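# Summary of the model geometry
Letter by letter, the chains look like this.
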Amino acid sequence: EAQVTQNPRYLITVTGKKLTVTCSQNMNHEYMSWYRQDPGLGLRQIYYSMNVEVTDKGDVPEGYKVSRKEKRNFPLILESPSPNQTSLYFCASSSTGVAFFGQGTRLTVV
Amino acid sequence: AQKITQTQPGMFVQEKEAVTLDCTYDTSDQSYGLFWYKQPSSGEMIFLIYQGSYDEQNATEGRYSLNFQKARKSANLVISASQLGDSAMYFCAMREGSYNFNKFYFGSGTKLNVKP
């Protein structure tokens with residue numbers, strides 16, 4: 001089954017404790033992105049990648065890092081999480097059109 | 001300026017009736033794509049329908065159709081014969097350009113409630 005898989009689905013962490021949210025897709029898509037969703041703001045792009053070792057900032061990259069060492073994986077790294085990064089996070093992959101989303105990761109930073 | 005505007009934060013519709021969710025967009029590109037996604041209370045993002053800027057006919061997918069008015073820069077979603085399972089958040093999105101398949105802009109969403 002074609003899918004984008006994020007882990008974990010839910011995460012509660014403390015301020016300053018580094019964390020990684022994993023994202024994997026099995027559709028051989030070149031393009032992958034991370035978004036955060038906040039009430040009233042829709043989804044905002046954090047980082048995106050056009051292929052292996054090619055990444056770039058989206059609209060809200062501060063406080064986040066990404067890497068794309070393999071085509072299928074695109075982890076999101078929060079080196080020092082803060083409460084304002086409490087949000088619902090989505091990974092997405094696309095080829096030449098529609099973006100397919102993972103199930104979402106609900107992150108709470110206390 | 002907002003790239004995607006959804007002016008209806010919440011809407012109610014009676015079961016079996018049709019409903020239109022509004023979306024306007026802003027771009028100077030000639031080539032772009034417009035999308036609608038559904039987000040049920042479980043949280044996942046489900047792709048519903050796509051319209052390309054050069055498509056002359058409105059896109060349809062089952063009970064979903066996209067009313068594309070290029071001159072007005074609007075891409076309204078029409079759901080016919082609403083069902084209780086249609087209750088969800090709906091997001092309009094745009095992808096600009098022909099080559100950057102990464103850059104999607106999303107609206108703030110419309111929460112649709114279908115009443116029995």
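Let me sum up the structure you'll find in this document. Quantities reported herein were computed from a predicted structural model and do not represent experimental measurements. (Residues numbered from 1 in each chain as written. Chains lettered and ligands numbered in written order. Predicted model: local features only at pLDDT ≥ 70, side-chain atom pairs only at ≥ 80, totals over all residues. Heavy atoms only, no water.)

### Let's talk about the overall build of chain B
Helix and strand counts for chain B stand at 0 helices and 12 strands. Moving toward the C terminus, one meets the helices and strands of chain B in the order β-β-β-β-β-β-β-β-β-β-β-β. The C-alpha atoms of chain B give 14 Å as radius of gyration, which agrees with the globular expectation for 116 residues (13 Å, within 12%). For chain B, the residues scored as buried account for 50% of the 116 residues in total. Pairs at least 24 apart in sequence give 55% of the contacts found in chain B among residues at least 6 apart. Of the roughly 5,600 Å² of accessible surface on chain B, 48% is carried by carbon and sulfur atoms. Taking the average place of the 11 positive charges on the side chains of chain B and the average place of its 11 negative ones, the gap between the two points comes to 3 Å. (Helix = DSSP H or I, 4+ residues; strand = E, 2+ residues; numbered from the N terminus. Rg over C-alpha atoms; globule rule 2.2 N^0.38 Å. Buried < 20%, exposed > 50% of the residue type's maximum accessible area, 1.4 Å probe, protein only. Contact = heavy atoms within 4.5 Å. Areas by Shrake-Rupley, 256 points an atom, 1.4 Å probe, with all protein chains shown as cover. Lys, Arg positive; Asp, Glu negative; His and termini not counted. Charge placed at Lys NZ, Arg CZ, Asp CG, Glu CD.)

### Section: the interface of chain B and chain A
Taken together, the 20 residues of chain B in the interface contact 26 residues of chain A. Taken over both partners, the interface formed by chain B and chain A buries close to 1,700 Å², and the fraction arising from carbon and sulfur atoms is 54%. There are 0 salt bridges connecting chain B and chain A. The tally of links between chain B and chain A comes to 2 residue pairs in polar contact (both at pLDDT 80 or more). (Buried area = accessible area lost by both parts, 1.4 Å probe. Salt bridge = Lys/Arg side-chain N within 4 Å of Asp/Glu carboxyl O. Polar contact = N/O pair within 3.5 Å; in protein donor to acceptor, adjacent residues only side chain to side chain.)

### Some remarks on the state of the cysteines
Covalently bonding the sulfur atom of one cysteine to the sulfur atom of another cysteine gives a disulfide. Residue and element names in this part refer to chain B. Enumeration according to the criterion identifies 2 disulfides over all chains in this entry. Covalent S-S linkage joins Cys-23 and Cys-92, the inter-sulfur distance amounting to 2.0 Å. Because the sign of the S-S torsion sets the handedness, a value of about -65 degrees for the bond joining Cys-23 and Cys-92 places this disulfide among the left-handed ones. You can see Cys-23 sitting in the loop between strand S3 (19-21) and strand S4 (24-25) and its partner Cys-92 sitting in strand S10 (residues 88-96), a full 69 residues away along the chain. The residues Cys-23 and Cys-92 share a single accessibility class, namely buried. (Disulfide = S-S within 2.5 Å.)

### Comments concerning the packing of aromatic side chains
Working definition: an aromatic ring pair is given by the centre-to-centre distance plus the angle between the planes. Scanning the entire structure with this criterion turns up 14 aromatic pairs over all chains. Judged by centre distance (5.9 Å) and plane angle (65 degrees), the rings of A:Tyr64 and A:Tyr89 are edge-to-face. Of the two residues, A:Tyr64 is situated in the loop between strand S6 (54-57) and strand S7 (65-66) and A:Tyr89 in strand S9 (residues 87-94); the sequence distance between them amounts to 25 residues. Residue A:Tyr64 shares its accessibility class with A:Tyr89, and that shared class is buried. Relative to B:Tyr32, the ring of B:Tyr25 lies with its centre 5.1 Å away and its plane at 50 degrees, an arrangement referred to as tilted. As far as the burial class goes, B:Tyr25 and B:Tyr32 line up, both buried. Through successive ring pairs, a cluster of aromatic residues spans A:Tyr35, A:Phe90, A:Phe101, B:Phe35, B:Tyr37, B:Phe47, B:Tyr50, B:Phe104 and B:Phe106. Over the ring of B:Tyr105 we find B:Lys3; its NZ or CZ atom is 5.5 Å from the centre of that ring. (Phe/Tyr/Trp six-rings, centres within 6.5 Å; stacked < 30°, edge-to-face > 60°. Lys NZ or Arg CZ within 6 Å of the ring centre and 35° of its normal.)

### Section: the sheet that holds S7(A)
One open sheet holds the 4 strands; their spatial order is S1-S3-S8-S7 (chain A), and the pairing between them is antiparallel. At either end of the open sheet lies a strand with only one pairing partner, and these are strand S1 (4-7) and S7 of chain A. (Pairing = 2+ DSSP bridges.)

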